[in-house]
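So the chains spell out like this:
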There are 2 protein chains.
Amino acid sequence: MNSRATALPGAAAGLAPGLLETLVGILGTDGVVADSAAVEAVTRTCLPFRTHPSAVVYPRDTQQVQAVLKAAARADTPVWPVSTGKNWGYGERSAVYEAGITMVLERMNRIVHVDETLAYAVVEPGVTYKQLNDHLKQTGSRLWADCAGTTQFASVLGNALDKGRGLTPMADHFGSLCGMDVVLPDGSLLETGGGPAGHNTVRHTYKWGVGPYLDGLFAQSNLGIVVQAGVWLMPAPEKFDFAAFEYKAGPERLGAFIDDLRELVLARAIRAHPHLANDFAMMCILAQYPREMLEGRRHLSEEAAARWRRQHGVARWTFGCGLYGSREEVRYQKRMIRKVLGRYGLVQFIGAAVRDDALGRLVRWAAPKVNRLLGKSPEFTDVMVPAIDLFRGIPTDEFVRQAYFKSHAKKPEHDIDPARDGCGFVWIGPVVPFTSEHVMKALALTRRIFDAHEFDFFVEVIVESARSVILLVGVFYDRHDPAEAERARAWYHAARDAYFEQGYPPYRATAMSMAHALDSNPAAQAFLARIKHAVDPQNLVAPGRYGTPLR
Amino acid sequence: MNSRATALPGAAAGLAPGLLETLVGILGTDGVVADSAAVEAVTRTCLPFRTHPSAVVYPRDTQQVQAVLKAAARADTPVWPVSTGKNWGYGERSAVYEAGITMVLERMNRIVHVDETLAYAVVEPGVTYKQLNDHLKQTGSRLWADCAGTTQFASVLGNALDKGRGLTPMADHFGSLCGMDVVLPDGSLLETGGGPAGHNTVRHTYKWGVGPYLDGLFAQSNLGIVVQAGVWLMPAPEKFDFAAFEYKAGPERLGAFIDDLRELVLARAIRAHPHLANDFAMMCILAQYPREMLEGRRHLSEEAAARWRRQHGVARWTFGCGLYGSREEVRYQKRMIRKVLGRYGLVQFIGAAVRDDALGRLVRWAAPKVNRLLGKSPEFTDVMVPAIDLFRGIPTDEFVRQAYFKSHAKKPEHDIDPARDGCGFVWIGPVVPFTSEHVMKALALTRRIFDAHEFDFFVEVIVESARSVILLVGVFYDRHDPAEAERARAWYHAARDAYFEQGYPPYRATAMSMAHALDSNPAAQAFLARIKHAVDPQNLVAPGRYGTPLR
């Protein structure tokens, strides 16, 4: 596995003569960034890996995307499209190769349509979680959009096309897409969903279309550039509540807990997609790294970590979970969550904290006092409302601030941009069958890899469905320390190899692994290469993305 | 639009010299049918259209599928695969061209695995609804499989790959598939779901895999032959009930009813996927066609239809709907269904009729008496238990008997095979946005087409999701009457053209329309043709299926 960027033949030397002028002709001067310092600034990454495009372009509409592709084709220069490039810790705007054109779609940010009756929106790739959420609020919509736990300025479509995840019952972001406009590598427009817009009333309401289902081809893909898509939304439920859970039982009961959790999901007593965070993952949210506790080590000793956890009143495992539905349904969910999870720890129903009434004010007033009584640090209270809101699809920058966990500066309150600010972190998310046997095995494996590479054990168990969990596993490192960056890179590759070997494939690749995403399945790799070659014989769009040949 | 079969160049003359012997060498004598009378018998269809293969082959395993493809490739003879070919009224085992090899996968009928914990099965294409259901019952499984309203001997995978529908919360059969083994046209094996079996523990539990989602390419498709797939199942709910509903309000309130029905689905007060059947559709189930009431016409007069409907006590619109969940959830569903649907007609909760206890016996004993009091014919009682059972995923041949509705012989009790028995019928299922405006418009359009072609107005409004319905529209005709068969063909093409024109694309094509399935979307047609050519340059597998080029 090669984690260094490859230079594509012909492309490494920069843009072909005249191409820059052509791009400026298409996009205007403010639509093209080619000055190397400016390019460096807009393509920074949190990964211990980066590449440098020759230019970054910002089309404003579909026609400009098409024109750029045609110009790039004539110059045989690859185009790496990203929506907003806020997938921090996965690769941001980094191509897997040097040079070429990076296309950022953040200026294509129209909310084309919201269908209140049928509960969907049609959006462009530049539309952010915040923008969609604000729009729904301002128009008095009855609909909720899901969001991800990342920044509120991330792209709704970009996250969905990367198979990102949210927290509400609509957490499956790719699964919520329906009907796409795609610019193909030859510059032509494909409208999926069984027929072009003019001849089809159901392309955003009926998922599978006529003939083979094509939307799936554009997830984690380089077969085209999605310039618009339908996104299903959910009507606000009659009732909403929130369960805060802390695991207090011994480690020997964690497996039984995992199995019980699956049964709650299978019985739809849990409809949300909670993240079960271990103590260190919680600490990343609540605090900054206590370098003073390292005592000369590279990561905290077990004893230091326990002491630190106790200072903040953090449990071994914590999660929050939204409850949704009619009053009867929420009653059922509460009954089951209390009964089943009550066996393993503390369950508190605190959904009222986000209510805009006397009860809401009371809960918010009481929260710091209750937390103090429970031995918790004040930061617990700070994250309460944002955490509950995430389960109503209200985006926040509260949690992505953890990116600054190992910064030497304090976590900023506003204007969060960890890539710009030099934060180092990298994510890997193996998918694991939702059984105690597999989850415990994968957790133990994860722990061993952290220990071997002397990083602190960070994991969240994300409820993907009743059948799978995703372990969200990450390392925060000091980007100003080359040795630590190298250690982070080594950790990532070791983890990735180990997960593949055990049959737990990561649900997303990063820029430093993407070209090898399908190495474990040569038949799928060959099949996809044939499709890629048929659709993009010049290998123009994002060569190497998700396992297709680089050249 | 050409509804006549095309002869493929080279193929029309029958099998190339030596190919038959090669096939017998691969499959044994009992695996190949080439005698023209025998071929005729196993490839009959209910459509007013048919084609005749040169041979029908029955592989028993993946290796035989691969070997047949390789032999066919050498002889340049196309292979039209079907699972069991029980999609009566859509095309059964008919290729869209004459000659070639038809491959029936009914002997590949292993239930490879049932995962009780994670609620899925892995099955081959010959596995029928009855077989899977019996297996679950015999092993004491906690799981329910969905089935379709068609025969219990239909293929679980075949129906799902055709995007067929069931009735339970798992009604989206294609959506329930996860992870496939596919024999590609070149004879190689592709294992989808993010990696081959040996290197992936989640291929049947995590839907989207790594990289582009490939399963979707094999729905309504000719890009490969699916020889095995995962199918998600549901655990039996804590409570089950059943609502029988009859629409009693005037036609002017039907639109409001449709909107209210959507809101029930959106609020998850309805989790099943009921079929709202019009009076004539109900009559097809309960009776046989009353030729004596035609009074010289080709279809019943409005007056005669009303008289006939009243004789049987059939309402204008009828549906049944399963209720599922915990006791609180079912209480909510009953509350909402009673409250909302009660405005439009009669709601009865009769789920107890399938209980194996004293209450169940009481309901079954009382049913004929209650039905008599309500002015209903005895046949209502006969279909009660099978109808409720369908909503528990228990397949039945009770409803597919309607295929014999226009037969001159009485509907058979057993051994239902309408294709063999010369029944004529054809289905079309336009997808329509789930709003009163669209549904009323589509119903009126449908009615006009029936009237223009002098067939009786048959429609079921299938709740596909909260966002779309499928109008299941069908004609029963006398296959022994060439003029009526021609009229059925004309009706089908007129309906299809009208639905496409209005933007309501049919969710499935029939053998007589399939080659034109993507005519309304030339960009998608061209895109798919490129993929088809890349994956199957010889156009070996099912040329013309779902809109790819015939040759």
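Report on the accompanying structure. (Residues numbered from 1 in each chain as written. Chains lettered and ligands numbered in written order. Predicted model: local features only at pLDDT ≥ 70, side-chain atom pairs only at ≥ 80, totals over all residues. Heavy atoms only, no water.)

## A word on the overall build of chain A
Stated precisely, the cut-off is as follows: Strands are runs of DSSP state E lasting at least two residues, helices are runs of H or I lasting at least four, and both sets are numbered from the N terminus onward. Radius of gyration: C-alpha atoms only; globule rule: 2.2 Å multiplied by the number of residues to the exponent 0.38. Categorising residues by exposure relies on relative accessible area from a 1.4 Å probe, with only protein chains included: less than 20% of the type maximum marks a residue as buried, more than 50% marks it as exposed, and the intermediate range marks it as partly exposed. Areas reported here follow the Shrake-Rupley algorithm with a probe of radius 1.4 Å; residue values treat only the protein chains shown as occluding. By the counting rule applied here, Lys and Arg register as positive and Asp and Glu as negative, while His and the ends of each chain are not counted. To locate a charge, take NZ of a lysine, CZ of an arginine, CG of an aspartate or CD of a glutamate.
When its secondary structure is counted, chain A shows 14 helices and 21 strands. Scaling as 2.2 N^0.38, a compact globule of 551 residues should have a C-alpha radius of gyration of about 24 Å, and chain A matches this with 23 Å. Referenced to the eigenvectors of the C-alpha coordinate spread, the extents of chain A come out at roughly 70 × 60 × 45 Å. Expressed as a percentage of its 551 residues, the buried residues of chain A come to 66%. When the accessible surface of chain A is split by element, carbon and sulfur atoms take 53% of a total near 18,500 Å². Here chain A contributes 62 positive and 59 negative side-chain charges, whose respective centroids are spaced 4 Å apart.

## Details of the pattern of salt bridges
Quick note on the threshold: A side-chain nitrogen of Lys or Arg and a carboxyl oxygen of Asp or Glu constitute a salt bridge if their distance falls within 4 Å.
One pass over the full model with this rule turns up 77 salt bridges over all chains. Glu 40 of chain A is the partner of Arg 50 of chain A in a salt bridge, and the nearest nitrogen-oxygen pair spans 2.9 Å. With Arg 50 of chain A in the loop between α2 (36–42) and β3 (55–57) and Glu 40 of chain A in helix α2, this pair connects stretches of sequence that are 10 residues apart. For Glu 40 of chain A, a relative accessible area of 26% puts it in the partly exposed group. Residues joined by salt bridges that share partners form a network here, namely Arg 142 of chain A together with Asp 259, Arg 262 and Glu 263 of chain B.

## A few points about a positive patch on the surface
Formally: Residues enter patches when their relative accessible area tops 30% and they take part in no salt bridge; the joining distance is 9 Å for like charges and 5 Å for the nonpolar side chains Val, Leu, Ile, Met, Phe, Trp and Tyr.
Residues Lys 239, Arg 327, Arg 331 and Lys 339 of chain A together with Lys 239, Arg 327, Arg 331 and Lys 339 of chain B make up a contiguous surface patch of positive charge. Elements represented by at least two residues in the positive patch include exactly α9 (327–341) of chain A together with α9 (327–341) of chain B. Inspection of the secondary structure puts Lys 339 of chain A in helix α9. Residue Lys 339 of chain A is classed as partly exposed on the basis of its relative accessible area of 49%.

## Considerations on a nonpolar patch on the surface
Residue and element names in this part refer to chain A. A surface patch of nonpolar side chains, amounting to about 330 Å² of accessible area, comprises Leu 359, Leu 362 and Trp 365. Residue position: Leu 362 is located in helix α10 (residues 358–373). For Leu 362, a relative accessible area of 47% translates into the label partly exposed.

## As for the relation of the copies chain A and chain B
Keep this limit in mind: Here the copies are matched by least squares. The fit uses the C-alpha atoms of residues with pLDDT of at least 70 in both. Here, two residues are considered to be in contact whenever any of their heavy atoms come within 4.5 Å of each other.
Of the transformation placing chain A onto chain B, the axial shift is 0.0 Å and the rotation is 180°, giving an RMSD of 0.0 Å. Such a combination of rotation and displacement between the chain copies is what one expects of a two-fold axis. Comparing contact sets, 100% of the residues at the interface of chain A also lie at the interface in chain B, consistent with an isologous, same-surface contact.

## Thoughts on the sheet that holds strand β11 (residues 189–191) of chain A
Residues and elements named next belong to chain A. Going by this rule: Paired strands, in this sense, are two strands between which DSSP finds at least two bridges. Axis definition: a line fit to C-alpha positions, over the contact stretch in the case of helices; interaxial angles, taken between N-to-C directions, run 0 to 180 degrees.
The strand order across the open sheet formed by five strands is β7-β8-β12-β10-β11, and the pairing between neighbours is antiparallel. Each end of this open sheet is capped by a strand with a single partner; those strands are β7 (111–115) and β11. Each strand of the sheet is rotated relative to its neighbour by a mean of 15°, with strand direction disregarded. With four bridges joining them, β7 and strand β8 (residues 120–123) adopt antiparallel strand pairing. In the strand pairing of β8, Asp 115 is matched with Tyr 120. Of the strands in this sheet, β7 and β8 are in contact with helix α4 (residues 129–138), which crosses β7 at around 45°.

## What about the packing of helix α10 (residues 358–373) of chain B against helix α11 (residues 379–390) of chain B?
Residue and element names in this part refer to chain B. Definition in use: Small angles under 35 degrees read as roughly parallel and large ones over 145 as roughly antiparallel, with 65 to 115 read as roughly perpendicular and the rest as oblique. Handedness of a crossing is defined here by the sense of rotation of the near helix relative to the far one, left-handed for an anticlockwise turn of less than a right angle and right-handed for a clockwise turn. Charged means Asp, Glu, Lys or Arg here, nonpolar means Ala, Val, Leu, Ile, Met, Phe, Trp, Tyr, Cys or Pro, and polar covers whatever is left, Gly included.
With their axes 9 Å apart at the nearest point, α10 and α11 run at an angle of 140° to one another. Taken as axis vectors, α10 and α11 run oblique relative to one another. In this structure, α10 crosses over α11, and the sense of that crossing is right-handed. Across the interface between the two elements, Arg 364, Ala 367, Pro 368 and Asn 371 from α10 touch Phe 380, Thr 381, Met 384 and Val 385 from α11. Of the residues belonging to the contact of α10 with α11, the class tally is five nonpolar, two polar and one charged.

## What to know about the pairing of strand β6 (residues 101–104) of chain A
Residue and element names in this part refer to chain A. Judged by which residues are buried, β6 turns out to be covered on both faces: Ile 101 and Met 103 on one side and Thr 102 and Val 104 on the other are all buried. One ladder, built from three bridges, connects β3 with β6; its direction is parallel. In the sheet register, Val 57 faces β6, and the bridge partner there is Met 103. Looking at chain direction, strand β4 (residues 79–82) and β6 are connected through four bridges and run parallel. Within β6, the residue paired with Val 79 across the bridge is Ile 101.

## Thoughts on the interface of chain A and chain B
Put simply, the rule reads: Using a 1.4 Å probe, buried area is obtained as the accessible area two parts lose upon being combined, added over both of them.
Each partner contributes residues to the interface: chain A has 84 residues there, and chain B has 84 residues. With both sides pooled, the region where chain A packs onto chain B buries about 7,100 Å², and carbon together with sulfur makes up 62% of that total. Applying the counting rule to chain A against chain B returns eight salt bridges. For Arg 530 of chain A, the salt bridge is made with Asp 186 of chain B, and the minimal N-O distance between the two is 3.2 Å. Counting residues per element, the ones that place at least two in the side of chain A that touches chain B are β11, α6 (254–266), α9, β19 (431–433), α13 (482–502) and α14 (522–535) of chain A. Per-element tally for the side of chain A that touches chain B: the top contributor is α14 of chain A, with eight residues. For the side of chain A that touches chain B, the residue count by class is 44 nonpolar, 22 polar and 18 charged.

## With respect to the packing of α14 of chain A against helix α14 (residues 522–535) of chain B
It is the contact of α14 of chain A with α14 of chain B, at a shortest axis distance of 9 Å, that shows an interaxial angle of 135°. Here α14 of chain A lies oblique to α14 of chain B, going by the angle between them. Here the hand of the crossing between α14 of chain A and α14 of chain B comes out right-handed. Mapping the contact onto sequence places Phe 527, Arg 530, Ile 531, Ala 534 and Val 535 of chain A in α14 of chain A and Phe 527, Arg 530, Ile 531, Ala 534 and Val 535 of chain B in α14 of chain B. Partitioned by chemical class, the residues of the contact of α14 of chain A with α14 of chain B number eight nonpolar, no polar and two charged.

## Overview of unusual backbone geometry
Residue and element names in this part refer to chain A. Residue Tyr 546 is not a glycine yet carries a positive backbone phi of 50°. Turning to its location among the elements, Tyr 546 is positioned in the segment after α14. A relative accessible area of 2% places Tyr 546 in the buried class.

## Regarding the nonpolar core
Applied cut-off: Definition of nonpolar core: a set of buried residues of the types Ala, Val, Leu, Ile, Met, Phe, Trp, Tyr and Cys, connected through side-chain atoms within 4.5 Å.
Counting 394 residues, the largest nonpolar core has Phe 257 and Trp 491 of chain A together with Phe 257 and Trp 491 of chain B as the members making the most contacts within it. Not counting chain neighbours up to four residues away, the residues in contact with Trp 491 of chain B comprise Val 426, Ile 428, Ile 449, Phe 450, His 453, Phe 455, Val 473, Gly 474 and Val 475 of chain B.

## Re the packing of aromatic side chains
Counted only if it meets this: Stacked, tilted and edge-to-face are the three classes applied to pairs of Phe, Tyr and Trp rings, where Trp contributes its six-membered ring and a pair requires centres within 6.5 Å; stacked means planes under 30 degrees apart, edge-to-face means over 60, and tilted covers the rest.
Evaluated as defined, the whole model comprises 53 aromatic pairs over all chains. With 5.5 Å between their ring centres and 65° between their planes, Phe 242 of chain A and Phe 391 of chain A make a pair best called edge-to-face. Here Phe 242 of chain A, found in strand β14 (residues 239–247), pairs with Phe 391 of chain A, found in the loop between α11 (379–390) and β18 (423–428); they are 149 residues apart in sequence, far enough to count as distant. Accessibility classification places Phe 242 of chain A together with Phe 391 of chain A in one group, the buried group. Seen in terms of ring centroids, Phe 257 of chain B and Tyr 344 of chain B are 5.2 Å apart; in terms of plane orientation they differ by 70°. Their pairing is edge-to-face. With Phe 257 of chain B in helix α6 (residues 254–266) and Tyr 344 of chain B in the loop between α9 and β17 (345–349), this residue pair connects regions lying 87 residues apart in the sequence.

## Concerning the sheet that holds β4 of chain A
Residues and elements named next belong to chain A. One open sheet holds the four strands; their spatial order is β2-β3-β6-β4, and the pairing between them is mixed. If you trace the sheet from one side to the other, it starts and ends with β2 (32–33) and β4, each paired once. Of the strand pairs in this sheet, β2 and β3 are connected by two bridges, and their pairing is antiparallel. When the bridges of β3 are listed, Val 32 appears paired with Val 57. Running at roughly 175° to β6, helix α3 (residues 62–74) makes contact with β3, β4 and β6 of the sheet.

## Regarding the state of the cysteines
Residue and element names in this part refer to chain B. Rules: Only a pair of cysteine sulfur atoms within 2.5 Å qualifies as a disulfide here.
Applying the stated criterion across every chain yields a total of zero disulfides over all chains. Free cysteine Cys 147: the closest other cysteine sulfur is in Cys 321, separated by 15 Å. Judged by relative accessible area, Cys 147 falls into the buried class, the value being 1%.

## Considering the side chain of Ser 83 of chain B
By the secondary structure assignment, Ser 83 of chain B is in the loop between β4 (79–82) and β5 (97–98). Among all residues touching Ser 83 of chain B, those that are not within four sequence positions of it are Val 104, Leu 105, Glu 106, Pro 125, Ser 155, Leu 157 and Gly 158 of chain B.

## Some thoughts on the environment of Arg 448 of chain B
Residue and element names in this part refer to chain B. Structurally, Arg 448 is set in helix α12 (residues 436–452). Looking at Arg 448, the relative accessible area reads 54%, which means it is exposed. Sequence separation between Arg 448 and Ala 495 is 47 residues, and the spatial gap between their C-alpha atoms is 9.6 Å.

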